[in-house]
Amino acid sequence: MASLDQQDLPLVKALKNLAQRPDTPFYAPGHKRGQGIAPAFKQWLGPALFQADLPELPELDNLFAPSGAIAKAQELAADLWGAERTWFSVNGSTAGIVAAILATCGDGDKILLPRNVHQAAIAGIIHAGAVPIFLEPEINPDWDLALGIRPETLCQALQKHDDAKAVFLLHPTYHGVVGDLQKLVELSHGAKLPVIVDEAHGGHFPFHPLLPRPALELGADIVVQSTHKMLGALSQCAMVHSQGNLINPQRISQCLQLIQSTSPNYVLLASLDSARHQMANVGREMMAEVWEFTLHYRQKLEQIPGLNLLAVTQSGPGALALDPTRITIDVTQWGMSGFELDDCLREKFQITAELPTLRQLSFIVSIGNQAQDLARLLEALIRLAPTNFQQPFQLTLPALPSTILAMTPRRAAYAAQKLVPVNEAIGQISASLLCPYPPGIPVLIPGEIITPEAIAFLTKVLSLGGTISGLANEELTHLAVVN
Ligand SMILES: Cc1ncc(COP(=O)(O)O)c(C=O)c1O
């Protein structure tokens, strides 16, 4: 096969040509190349954006049956990331993950996955009617953070569930930690199971030699990346890559078609083409620069008294390495929670982090940042650091309660539901996914029995100032149960 020209920009070019060509539009979208957009909105964002908001015109190809500009753009992306096939998603990694699960698991099929998966994986399980077999991740007790899966944990599960249909893994975690994915893939392939990897936070891995190795290189069969999170694509833009003969690419195409819009936004799609072009042509230089200044400022952050910086100093099976561009700090010794520090940085310094939790605050550093951004963060933190430490912010979470699945998540999610007071919910089947932060691991998913331990855990997280996603209201007064 002739090598592909990574200088090419097929979708961007096609869209630009068409947007600049005069036309009398009798097609959707109804704003007709910006003519029907409210003037104030158009003035704010400029006319070019609306001229480029075009539908699936012949020159622009079709996302669900690509043979032109989209096909070419996806081929170039596959070539760059080292996949056999790549699909663009305009509904984030969320759609990619749901499609990957649908493509590998049918009704009643078992899928092995870590408990600390993103809710998109649970959504995929609900859509597919699959049965989740959870793998307990390693926990870093000092940080209350879930890490990767130990190979032994997967090995035992594979032996116990030799009828499973797929393995789903996270690489890296939200906090940038990677486990021994290569070993986990080998074990899964030994059992002839395809491995789906949620690499939502790892699209940049191929572009610096010292970053963790990318999931495709480590042998994963389907890899889903949020190009919008770490690289230069617009929000919602993601890629699904595949390789090997354990999965059927046709199924992935069909499943993406099941869950994505038939009117994909071409500005979003073109931004994926543009992000690929950027990484192919200047990505390594950009990442080298990000690497240099991030390491420089990580060293400086480490010197701030009372500030702890998440690092993988001793690699172990659940945590082989950390992506240093994900900065997570803990200032509990300053007597401050992650939420308080987040508010303070925003209000006093106009610095906004990615993810606050009770104990930590995480920052994404990417090709969009410059050294001066980290200099500003460093200066703010130096100014905030107390000279005398106060009472450390106390936080002790109990061990996560064990769970029992009484019916498939799909049956529970689609069943008639009712809201009951929390004390009456005990012993009933949860209809919702309840995920406390910290530790960001679901305590209950649809179909699991609500236990006193689960309620006690959720109550404790709230009492410490944490949050719970999936509650019917902000307090833990009522829970949705299967009727
Ligand atoms: C680990 C992980 N997986 C998947 C997703 C979903 O990605 P997207 O926002 O691209 O749909 C997220 C989003 O935060 C995530 O953190």
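Rules used in this analysis
Residues numbered from 1 in each chain as written. Predicted model: local features only at pLDDT ≥ 70, side-chain atom pairs only at ≥ 80, totals over all residues. Heavy atoms only, no water. UniProt positions renumbered as here; feature names shortened; annotations may be inferred. Near = heavy atom within 4 Å. Polar contact = N/O pair within 3.5 Å; in protein donor to acceptor, adjacent residues only side chain to side chain. Areas by Shrake-Rupley, 256 points an atom, 1.4 Å probe, with all protein chains shown as cover. 1 Å grid on protein atoms, 1.4 Å probe; cavity = no way out; pocket = protein on both sides within 12 Å on 5 of 7 lines; lining within 4 Å. Sits in = over half its atoms within 2 Å of the grid points. Helix = DSSP H or I, 4+ residues; strand = E, 2+ residues; numbered from the N terminus. Nonpolar A, V, L, I, M, F, W, Y, C, P; charged D, E, K, R; others polar.

As recorded by an unreviewed UniProt entry, the protein chain carries the name Aminotransferase class I/II-fold pyridoxal phosphate-dependent enzyme and is attributed to Synechocystis salina LEGE 00031. Looking at the protein chain in UniProt, the text filed under Sequence similarities (unreviewed entry) is "Belongs to the Orn/Lys/Arg decarboxylase class-I family." Its UniProt record gives the protein chain a comment under Cofactor (unreviewed entry), which states: "pyridoxal 5'-phosphate".

Peer 1: Just to check I follow, could you spell out the site of the ligand for this structure?
Peer 2: The local shell around the ligand holds 13 residues, among which Thr-94, Asp-198, His-201, Ser-226 and His-228 are the closest. Here a nitrogen atom of the ligand sits 2.6 Å away from a polar atom, N or O, in the side chain of Asp-198. Between the ligand and His-201, the relevant distance is 2.7 Å, taken from an oxygen atom to a side-chain nitrogen or oxygen of the residue. Protein chains bury 87% of the 390 Å² of accessible surface belonging to the ligand in isolation. With respect to the detected pockets, the ligand is housed in the largest pocket. For the shell around the ligand, the secondary-structure elements that each account for two or more residues are α5 (92–104) and α9 (227–230). Here the shell around the ligand takes four residues from α5, the largest share from any one element. Tallied by class, the residues present in the shell around the ligand amount to four nonpolar, seven polar and two charged.

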